[in-house]
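# Observations on the three-dimensional arrangement
Read off the chains here:
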Amino acid sequence: MFKCLLIDKDENGYRTSIAELPEEKLAQGNVLVNVLYSTLNYKDALAITGKAPVIRSFPMIPGIDFSGIVEHSESDEFKVGDKVLLNGFGVGEKHMGGLSQKAKVNSDWLIPLPESISPLQAMSIGTAGYTAMLCILALEKNGITPQSGKILVTGATGGVGSFAVKLLSLMGYTVVASTGSSDQHDYLTDLGATEIIDRTELSEPGKPLMKEKWAGAVDSIGSHTLANVCASIQYGGAVAACGLAQGMDLPASVAPFILRGVSLLGIDSVMRPRADRVAAWKKLSEILPEKEMQSIAEVISLEESIDIATKLLNGDVTGRVVVDVNK
């Protein structure tokens, strides 16, 4: 038997609870992992609270990422005792997820844990840090460098935003942070932001083209915010878009793209090819000191996850939430 967070939906309604299940309830993957840590991401919070139809089948264990140690393997790629991590691939939505003491998954979904990163550190980074790094690597592939100019990060106190600010700063970029949390300016400054703007400057309907302010941006907000960000990017700049906290719509015009040569880069972390995953985690292991991971992450128990999920959706959580599934 193993302990997990379990979401169910039946005639009694939608509910999330702590449960104990036998191993045979897990999916039929070829690698069984003793999970050590998982996280609470925005998508996990939507699933746990039922605020959006994230879960594809019931019952379901949420948790879109995890780190742990291989207990049993039918794959030539992994052996018993290997330290591994997983991000995405529908885990926690279509397949039993990481907010659990055990997970059984396909070996293709796993990557080896970099030697310089512990399982706790991996989930302190988690899908949020991994996604932030994918965004930055995409900007760099499009020619954005620290010399190009300032980089904007929207939703800067969230998981992806916090890591984007920190990583960009460590890589030598000048970072402008957009946030609605007026009491978190010190937090953002400590992460490396050199300038902070209120999110209301971007969240309302704007003009097709606005003053050129930033060489690039990492956006996790979407909707009017993303439209205004694109309209404010310098000629030849780029925006990496990875979220939809404000909405899925994009009320923009083609003007920034055809008149300023702005590139809008869609960042998917769920089905990303393994080579991109390995490259992102390698870069993370090289530039992110342990103390920086600890400054962003708070560690909680499975039992605390349900209440924290609601706070996360309400914008009352700063930085990363790591779940010690054995706590």
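A brief report on the enclosed structure follows. (Residues numbered from 1 in each chain as written. Predicted model: local features only at pLDDT ≥ 70, side-chain atom pairs only at ≥ 80, totals over all residues. Heavy atoms only, no water.)

### With respect to the pairing of strand E14 (residues 297-301)
In this sheet, strand E15 (residues 320-324) lies alongside E14 in parallel orientation, the contact comprising 5 bridges. Note on E15: the bridge partner recorded for Val 299 is Val 322. Note that the unit made of E14, helix H10 (residues 302-313) and E15 has a crossover that is right-handed. (Pairing = 2+ DSSP bridges. Helix = DSSP H or I, 4+ residues; strand = E, 2+ residues; numbered from the N terminus. Right-handed = clockwise from strand over helix to strand, strands pointing away.)

### A look at the side chain of Ser 232
Within the secondary structure, Ser 232 sits in the loop between helix H6 (223-231) and strand E12 (233-241). Its relative accessible area of 1% is what places Ser 232 among the buried residues. For Ser 232, the side chain forms a polar contact with the main-chain oxygen of Asn 228, separated by 2.9 Å. In contact with Ser 232, not counting residues within four places along its chain, are Met 210, Lys 211, Glu 212, Lys 213, Trp 214 and Arg 260. (Buried < 20%, exposed > 50% of the residue type's maximum accessible area, 1.4 Å probe, protein only. Polar contact = N/O pair within 3.5 Å; in protein donor to acceptor, adjacent residues only side chain to side chain. Contact = heavy atoms within 4.5 Å.)

### With respect to helix H2 (residues 119-141)
The largest bend along H2 measures about 65° and falls at Gly 126. Of all 23 residues making up H2, 20 are buried, and the element is well covered by its neighbours. Two residues or fewer past H2, Gly 143 is found with a positive phi of approximately 85°. (Bend = angle between axes of the 7 residues up to and from the residue.)

### Remarks on the environment of Lys 166
Among the structural elements, Lys 166 can be located in helix H3 (residues 159-170). It is 38 Å that separates the C-alpha atoms of Lys 166 and Gln 28, two residues lying 138 residues apart in sequence.

### Focus: the packing of helix H1 (residues 42-49) against H10
Interhelical geometry of H1 versus H10 gives an angle of 115° and a closest axis separation of 9 Å. Note that H1 runs across H10; the crossing there is left-handed. In this structure, H1 uses Tyr 42, Ala 45, Leu 46, Ile 48 and Thr 49 to contact H10, whose residues at the interface are Ile 306, Ala 309, Thr 310, Leu 312 and Leu 313. Classifying every residue of the contact of H1 with H10 gives 8 nonpolar, 2 polar and no charged. (Axes fitted to C-alpha atoms, helices over the stretch in contact; angles between N-to-C directions. Left-handed = near helix turned anticlockwise from the far one by under 90°. Nonpolar A, V, L, I, M, F, W, Y, C, P; charged D, E, K, R; others polar.)

### Things to note about unusual backbone geometry
Going from Phe 58 to Pro 59, the amide bond is cis rather than trans, its omega being -10°. Among the structural elements, Pro 59 can be located in the loop between H1 and strand E4 (65-73). Phi at Phe 89 takes a positive value of approximately 60°, unusual for a residue other than glycine. As for its placement among the helices and strands, Phe 89 is situated in the loop between strand E5 (83-87) and strand E6 (102-105). Judged by its relative accessible area of 13%, Phe 89 is buried. The backbone phi angle of Ser 223 is positive, close to 50°, even though this residue is not glycine. One can find Ser 223 in helix H6. For Ser 223, a relative accessible area of 4% puts it in the buried group.

### Some thoughts on the pattern of salt bridges
Inspection of every chain in the model, using the stated rule, returns 12 salt bridges. Glu 23 is the salt-bridge partner of Lys 102, the closest N and O atoms lying 3.8 Å from each other. Taken together, the positions of Lys 102 in strand E6 and Glu 23 in the loop between strand E2 (13-21) and strand E3 (31-39) put the pair 79 residues apart, joining distant regions of the chain. The partly exposed category is assigned to Glu 23, whose relative accessible area is 34%. (Salt bridge = Lys/Arg side-chain N within 4 Å of Asp/Glu carboxyl O.)

### A word on the nonpolar core
Burial of nonpolar side chains together is a common tendency in soluble globular proteins. The biggest cluster of nonpolar side chains holds 47 residues, and the ones touching the most others in it are Leu 139, Val 153, Val 165, Leu 167, Leu 168 and Trp 281. A per-element tally of this core places H2 first, with 13 residues. Those residues in contact with Trp 281 that sit more than four places away from it in its chain are Leu 85, Asn 87, Ile 111, Pro 114, Ile 117, Ala 122, Ile 125, Gly 126 and Tyr 130. Core analysis: the second largest hydrophobic core is formed by 43 residues, Leu 5, Leu 86, Val 91 and Ala 103 among them. (Core = buried A, V, L, I, M, F, W, Y, C linked by side-chain atoms within 4.5 Å.)

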